[in-house]
Amino acid sequence: MAAKHSVREAKTLTPGHDVRLCSTLSDEQETMIREVISRVADKWSLWALSELAQHGPLRFSRLMDRVEGVSQKSLTATLRHLERDGLIKRTVMVQVPIRVDYDATDLGRAMVAEVHPLWMWVAVNLQGVARARRTFDRRTRVQATAEIG
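Each chain carries its own residue numbering, running from 1 in the written order of its sequence. Only residues with pLDDT of at least 70 are given local features in this predicted model, and only at 80 or more are side-chain atom pairs given and counted; all residues enter the totals for whole chains, interfaces and linings. Excluding hydrogens and water, the side-chain values take into account all heavy atoms of the structure.

Student: I'd like a rundown of a nonpolar patch on the surface, residues and numbers included.
Tutor: A surface patch of nonpolar side chains, amounting to about 470 Å² of accessible area, comprises Leu118, Trp121, Val122, Leu126 and Val129. Helix numbering and strand numbering both begin at the N terminus, where a helix is a DSSP run of H or I of at least 4 residues and a strand a DSSP run of E of at least 2. Counting only elements with at least two residues in the nonpolar patch, the list comes to α7 (106-124) and α8 (126-148). For the nonpolar patch, the leading source of residues is α7, giving three residues. By the secondary structure assignment, Trp121 is in helix α7. Only residues above 30% relative accessible area that lack a salt bridge enter a patch, with like-charged residues linked at up to 9 Å and the nonpolar side chains Val, Leu, Ile, Met, Phe, Trp and Tyr linked at up to 5 Å. The Shrake-Rupley method, run with a 1.4 Å probe sphere, supplies the accessible areas, and residue values consider only the shown protein chains as cover. Salt bridge, as applied in this entry: a Lys or Arg side-chain nitrogen positioned within 4 Å of an Asp or Glu carboxyl oxygen.

Student: Run through the pairing of strand β3 (residues 99-104), naming residues and quoting values.
Tutor: Note on strand geometry: in a regular strand, side chains alternate between the two faces of the sheet. Categorising residues by exposure relies on relative accessible area from a 1.4 Å probe, with only protein chains included: less than 20% of the type maximum marks a residue as buried, more than 50% marks it as exposed, and the intermediate range marks it as partly exposed. Most of β3 sits inside the fold, with five of its six residues counted as buried. Pairing of strand β1 (residues 58-59) with β3 involves two bridges; the strand directions are antiparallel. From the neighbouring strand, Arg59 faces β3, where its bridge partner is Asp101. As judged from the six bridges shared by strand β2 (residues 88-93) and β3, these two strands associate in the antiparallel manner. Within β3, the position partnered with Lys89 by the bridge is Asp103. A pair of strands is considered paired only if DSSP assigns at least 2 bridges between the two.

Student: Pulling in residues and values, what's your account of the nonpolar core?
Tutor: Formed by 20 residues in total, the largest nonpolar core has its most connected members in Leu49, Leu52, Leu63, Leu75, Leu79, Ile88 and Tyr102. Listed by contribution, the elements that provide at least two residues to this core are α4 (45-55), α5 (60-66), α6 (72-84), β3 and α7. Whether two residues touch is decided by their heavy atoms; if any such pair falls within 4.5 Å, the residues are in contact. Residues in contact with Tyr102, not counting those within four places in the same chain, are Leu52, Gly56, Pro57, Leu58, Phe60, Leu79, Ile88, Lys89 and Arg90. Residues grouped as a nonpolar core are buried Ala, Val, Leu, Ile, Met, Phe, Trp, Tyr and Cys residues, joined through side-chain atoms within 4.5 Å.

Student: Give me the lowdown on the packing of α4 against α7, citing residues and values where you can.
Tutor: Angles shown run from 0 to 180 degrees and are taken between the N-to-C directions of axes, each axis being a line fitted to C-alpha atoms and, for helices, limited to the stretch in contact. Relative orientation of the contacting elements α4 and α7 amounts to 110°, with a least axis distance of 9 Å. As far as their axial angle goes, α7 and α4 are roughly perpendicular. When you trace α4 past α7, the crossing you get is left-handed. Of α7, the residues touching α4 (which contributes Leu46, Leu49, Ser50 and Ala53) are Gly108, Arg109, Met111, Val112 and Val115. Any residue that is not Ala, Val, Leu, Ile, Met, Phe, Trp, Tyr, Cys, Pro, Asp, Glu, Lys or Arg is counted as polar, Gly included; the first ten are nonpolar and the last four charged. For the contact of α4 with α7, the per-class residue count stands at six nonpolar, two polar and one charged. These descriptions rest on fixed angle ranges, namely under 35 degrees for roughly parallel, over 145 for roughly antiparallel, 65 to 115 for roughly perpendicular, and the rest for oblique. Crossing handedness is read from the near helix: turned anticlockwise from the far helix by less than a right angle, it gives a left-handed crossing, and turned clockwise, a right-handed one.

Student: Residues and numbers for the environment of His55, please.
Tutor: Take His55: it is sitting in helix α4. With 49 residues separating them in the primary sequence, His55 and Ala104 have C-alpha atoms 9.3 Å apart. Here Arg66 takes part through its side chain, which lies 3.4 Å from a polar atom of the side chain of His55. Polar contacts here mean pairs of N or O atoms no more than 3.5 Å apart (in protein, one a potential hydrogen donor and the other a potential acceptor; neighbouring residues in sequence count only if both atoms are side-chain atoms).

Below is the structure:
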């Protein structure tokens, strides 16, 4: 049976409702959910999508400048996947030379808005994460030294 909850309803679900909603999903729907989450959580997708949501439409080269470190091949694949999932749109303008622009769709902008609180949580808690990393790295070095010596 397919889930019949709207996005608005899903935002108000309690943990008990979450279980009931998830129990109505088919195996195919659960697989698709995992695919979409994996896609937007990959190295480049969320960054590219947020740049387009904030600054789009952008030509490929401008987007590549904004997503520092991404290769042309990786950005091309990322944009193709985001377009397939309906999160961005690709517009070809017939002119000389041909112009291709990318922009976030309403669905893509909605996703960025949902991820923004997570981004802000990380920004607010960055010092605590850095402190935990230093503690972990120190402890790991001490353990490695004890094992060697």
